[in-house]
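# Coordinate inspection notes
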Amino acid sequence: SYQKECNNPLYFEPLFIYNTDSLEIISIEFNHSDNTIIDCHTWFSRSSIPFSIERTSGRTIFTIKEIPRFDYLPFFPYNSLHGVFQFSIKKDNVDLFSNSHAGFTKWYMNQINQLPKLVNEDIRELEDRILKLPNNEAKIKIIYDSVRTNVRYIAEEQDYGAFIPRNASKVFHRKFGDCKDKALLVKEIAELFGIKVHLALINTNPTFYIDEKVYLNQFNHMICYTVINDMELLFDPTERTVEFGFL
């Protein structure tokens with residue numbers, strides 16, 4: 001057993017039930033204030049897993065018993081996973097985090113918008129090259145090429161940096177960063193030249209969907225999205241060997 005403290009409900013980790021061996025019991029105890037309610041939303045790869053929730057003053061106990069091991073199915077993407085339990089928190093009957101698509105997007109972009117912005121002085125040499133190009137397609141291509149080839153990919157997943165990019169100026173000058181850092185750098189360079197680029201959170205593995213809600217831990221990668229000449233384009237600045245226009 002172990003104890004973990006969570007100060008922000010958004011980072012409340014889901015419980016993954018893996019299809020490895022049969023499990024006799026899983027029990028999770030939450031200690032909280034009396035005006036707080038812990039509940040859970042579920043996703044199952046095959047059949048549902050029975051569970052119970054016991055609530056007393058200042059404590060909630062979540063229990064799963066007798067989880068079998070399922071046989072592997074040919075070409076089934078979720079063979080290794082029984083299901084996922086995502087916990088939610090209400091305080092005074094108010095959700096502490098709105099995990100609708102709109103609510104999640106608003107929260108996430110608000111975190112990014114608080115970061116210091118890239119300015120033209122940061123990219124003066126690259127700016128001179130971009131200004132000579134005839135159209136937005138050529139400009140976004142050279143921005144993409146510059147970031148994918150000159151900024152090394154190094155995964156940094158400590159604390160807040162596991163979810164939120166570092167500021168683009170810092171990434172540009174130190175010339176390394178993870179997928180979020182590189183995607184945000186492309187976005188901010190492009191926007192200095194009037195080109196709108198969006199950040200796209202994705203999952204490179206089969207993922208889970210619970211009640212049409214969005215959870216931060218559903219994603220493990222970030223790429224870019226833009227529209228050039230009425231054509232929608234997705235591109236990944238971590239792909240050092242993939243040319244613009246391919247994914």
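To start, this report covers the structure provided alongside it.

The next point concerns the pattern of salt bridges. Counted by the stated rule, this structure contains 13 salt bridges. Across the pair Asp178 and Arg166 runs a salt bridge, and its minimum N-O distance is 3.0 Å. Of this pair, Asp178 sits in the loop between β9 (176-177) and α5 (179-192) while Arg166 sits in the loop between β8 (152-153) and α4 (168-174), and the two are 12 residues apart along the sequence. Like Arg166, Asp178 is buried. Sharing partners across several salt bridges, the network here consists of Arg166, Arg174, Asp178, Lys180 and Asp181.

Tracing the chain through its elements places Gln218 in the loop between β10 (197-202) and β11 (221-228). A relative accessible area of 4% places Gln218 in the buried class. Not counting chain neighbours up to four residues away, the residues in contact with Gln218 comprise Asn203, Thr207, Phe208, Tyr209 and Lys213.

This part covers the packing of helix α3 (residues 136-150) against α5. Packing of α3 against α5 leaves a shortest axis separation of 10 Å and a crossing angle of 145°. Both α3 and α5 take part in a crossing whose hand is right-handed. In this structure, α3 contributes Ile140, Ile143, Val147 and Arg148 to the contact, and α5 contributes Lys182, Leu185, Val186, Ile189 and Ala190. When the residues that make up the contact of α3 with α5 are grouped by side-chain class, the tally is seven nonpolar, no polar and two charged.

This paragraph deals with α5. Side chains that are three or four residues apart share a direction in an α-helix, a result of its 3.6 residues per turn. Over its 14 residues, α5 runs 20 Å from end to end, which matches the ideal 20 Å to within 8%, given 1.5 Å per residue. The buried fraction of α5 amounts to 12 of the 14 residues, a majority that puts the element mostly inside the structure. Buried within α5 we find Cys179, Lys180, Asp181, Lys182, Ala183, Leu184, Leu185, Val186, Lys187, Glu188, Ile189 and Ala190. Positive phi appears at Gly194, one or two residues downstream of α5, with a value of about 75°.

Cut-off values and rules
Residues numbered from 1 in each chain as written. Predicted model: local features only at pLDDT ≥ 70, side-chain atom pairs only at ≥ 80, totals over all residues. Heavy atoms only, no water. Salt bridge = Lys/Arg side-chain N within 4 Å of Asp/Glu carboxyl O. Helix = DSSP H or I, 4+ residues; strand = E, 2+ residues; numbered from the N terminus. Buried < 20%, exposed > 50% of the residue type's maximum accessible area, 1.4 Å probe, protein only. Contact = heavy atoms within 4.5 Å. Axes fitted to C-alpha atoms, helices over the stretch in contact; angles between N-to-C directions. Left-handed = near helix turned anticlockwise from the far one by under 90°. Nonpolar A, V, L, I, M, F, W, Y, C, P; charged D, E, K, R; others polar. Expected span 1.5 Å × (residues − 1).

Fair warning: the whole summary comes from geometry, so function is off the table for now.
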